[in-house]
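One-letter residues, chain by chain:
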Amino acid sequence: MEKGSKTLRITAGELGSRDVWPLLRDMEEKGWLERLNLLDCGEGYSLEIEVRPEQDIELCERLVKDYLEGKTVLGDTPRTTRDVGREMIESQTVRVEQGKIDRLLALAGELIVSTNGLTHLVRRLEDLGLPVEMVREIKEYQSLLNRASWEIQDVIMEMRLMPVGFVFERFRRVVRELGQELGKKVQFKVLGDDVTIDRNVAAIIYEPLLHLIRNTLDHGLERSEERIRSGKPEEGELLLRAERKGEHVVIAVKDDGAGIDVEAVKSKAVSRGLITKEQAEKMGFNEALELIFIPGFSTKDEASTVSGRGVGMDVVRETVERLGGKVIVHSELGVGTEVALELPITMSITKVVLLDCGGLYGIPVGEVKEIVKVEASRLHSLKESEVVVLRGTIYPVFRLSRVLDSSVEGVDGNELTLIVLLAGVAVAVPKVLGEQDVVLKNLPTQLSHLKLFTGAAILGNGDIALILDTSIIGRMV
């Protein structure tokens, strides 16, 4: 363990598999903890603990050292050397380098792709007239292999997960210092810090969350005198919350501040020539909120030292969407704002709906509401766009073949196949091939300009499918 003037650094080797949360919570309750940093040292993660200036660094060092050596269990009586020795022998944990876990995950993905390939092989054997009993036996073995592959993948994914609280803890000092700098009283709350997320996702979301928190402190929360005049508590509330929703984690930054004034947003957009006055007048509330994601947009005339440093809401959305997630904004004038980041727990294997549109394409199953066939005559024109009404809801229609410049239009006789997305768009496709588990790969840099796609996947038969970015589709109609 290394010690600076007010800093303690615990290496990955010293941490091992220990649960450090009891130690950190105890330091926080004692008022010792100033800031916590999680550092990637190549062979795992180390902790950097900054102690508050008024605290005794020597006393903190002794507490941490005793805890790491197993001499102290917080809240319990000290253990003897014999207790510690017995626990070391009986320990069922092994420390593994992050790189080896990543390699195992990649191999698990290849194994799943290979088992998918067996499905195609079985179909070919059936077509060749292989005896039914033999085909059935091959299918049983394929099913066992597929289940074992997914169990291996699940176990490895659990090894890659970490509590999102490691990221959340880094913002306590940020909120305290910026609140003082801006002259605002802020109560910072954290919920769901035990929710787990992929280490790679956790590392990437720090900057977007930092920008959202800076924005909240600078733009969202009012000064104490303004809050009192509005009948609010003198101290503003900033909540950082995480919760698990299926295969996603939702991380939200919420405040009880002034909210987003959409009229001011539209006025600023008009003054900067981003939209016309006529367009602004026709815009609804949600459309106006979308303006904040325009690159370089800000309601302030000058960038402050707190926000507006070139990392705007457009970069937040781009980063989240690159991870396969989406950004959701809710705001009420005078009540507050919530910006939620819906992120995948992992970034590796997913299930997609495969499409044939002059080439192979995929849409993540988690983004699909339903797949329906409708008569082509049910499509209507509205403001130079096509729409369809399904169970009383109007959906804009996105013709995938036209965007991809494919000659296959997607009309089978008088029927049209529509994939209805959760984003509120119906994608017209020529042919749906079914669902398949795939390993997602990032597009190479020379194809990074293809914004319509979030990645690619190698299928079981060796074909390559491009995976569509549904958030981009939602903005193109």
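Summarised in this report is the structure supplied together with it. Note that the structure is a prediction, hence the values are computed from the model and not measured.

Criteria and cut-off values
Residues numbered from 1 in each chain as written. Predicted model: local features only at pLDDT ≥ 70, side-chain atom pairs only at ≥ 80, totals over all residues. Heavy atoms only, no water. Helix = DSSP H or I, 4+ residues; strand = E, 2+ residues; numbered from the N terminus. Buried < 20%, exposed > 50% of the residue type's maximum accessible area, 1.4 Å probe, protein only. Contact = heavy atoms within 4.5 Å. Polar contact = N/O pair within 3.5 Å; in protein donor to acceptor, adjacent residues only side chain to side chain. Core = buried A, V, L, I, M, F, W, Y, C linked by side-chain atoms within 4.5 Å. Phe/Tyr/Trp six-rings, centres within 6.5 Å; stacked < 30°, edge-to-face > 60°. Lys NZ or Arg CZ within 6 Å of the ring centre and 35° of its normal.

Quick look at the environment of Arg227
- As for its position among the elements, Arg227 is in helix α10 (residues 224-229).
- Residue Arg227 is classed as buried on the basis of its relative accessible area of 0%.
- Note: C-alpha distance between Arg227 and Gly257 (30 residues apart in sequence) is 8.2 Å.
- Not counting residues up to four positions away in its chain, the partners in contact with Arg227 are Leu221, Glu222, Lys232, Pro233, Glu234, Glu235, Gly236, Asp256 and Gly257.
- Among the polar contacts listed, one links the side chain of Arg227 to the side chain of Glu222, at a separation of 3.0 Å.

Thoughts on the nonpolar core
- By size, the foremost hydrophobic cluster in this structure holds 71 residues, and its most contacted members are Leu209 and Ile251.
- If you tally residues by element for this core, the top one is helix α9 (residues 199-220), at 9 residues.
- For Leu209, the residues in contact, after removing those within four places along its chain, are Val167, Phe168, Phe171, Leu240, Ile251, Val253 and Leu341.
- In terms of nonpolar packing, the next biggest core, distinct from the first, is built from 20 residues, Val353, Leu400, Phe453 and Ala456 among them.

Describing the packing of aromatic side chains
- Inspection of the entire model under this criterion finds 2 aromatic pairs.
- Here Phe171 and Tyr206 contribute two aromatic rings whose centre-to-centre distance is 5.1 Å and whose plane-to-plane angle is 10°, an arrangement assigned as stacked. Placement of Phe171 in helix α8 (residues 171-182) and of Tyr206 in helix α9 is noted, with a sequence separation of 35 residues between them. The exposure classification of Phe171 matches that of Tyr206, with both residues buried.
- Centre to centre, the rings of Tyr361 and Phe453 are 6.0 Å apart; their planes meet at 15°, and the pair counts as stacked. Taken together, the residues Tyr361 in strand β13 (residues 360-364) and Phe453 in strand β22 (residues 453-458) connect sequence positions 92 residues apart. The burial state of Tyr361 is the same as that of Phe453; both residues are buried.
- In this arrangement the basic side chain of Arg170 is found over the ring face of Tyr206, its NZ or CZ atom lying 3.9 Å from the centre.
- The ring of Phe293 has Arg317 sitting right over it, with the charged end atom 3.8 Å from the ring centre.

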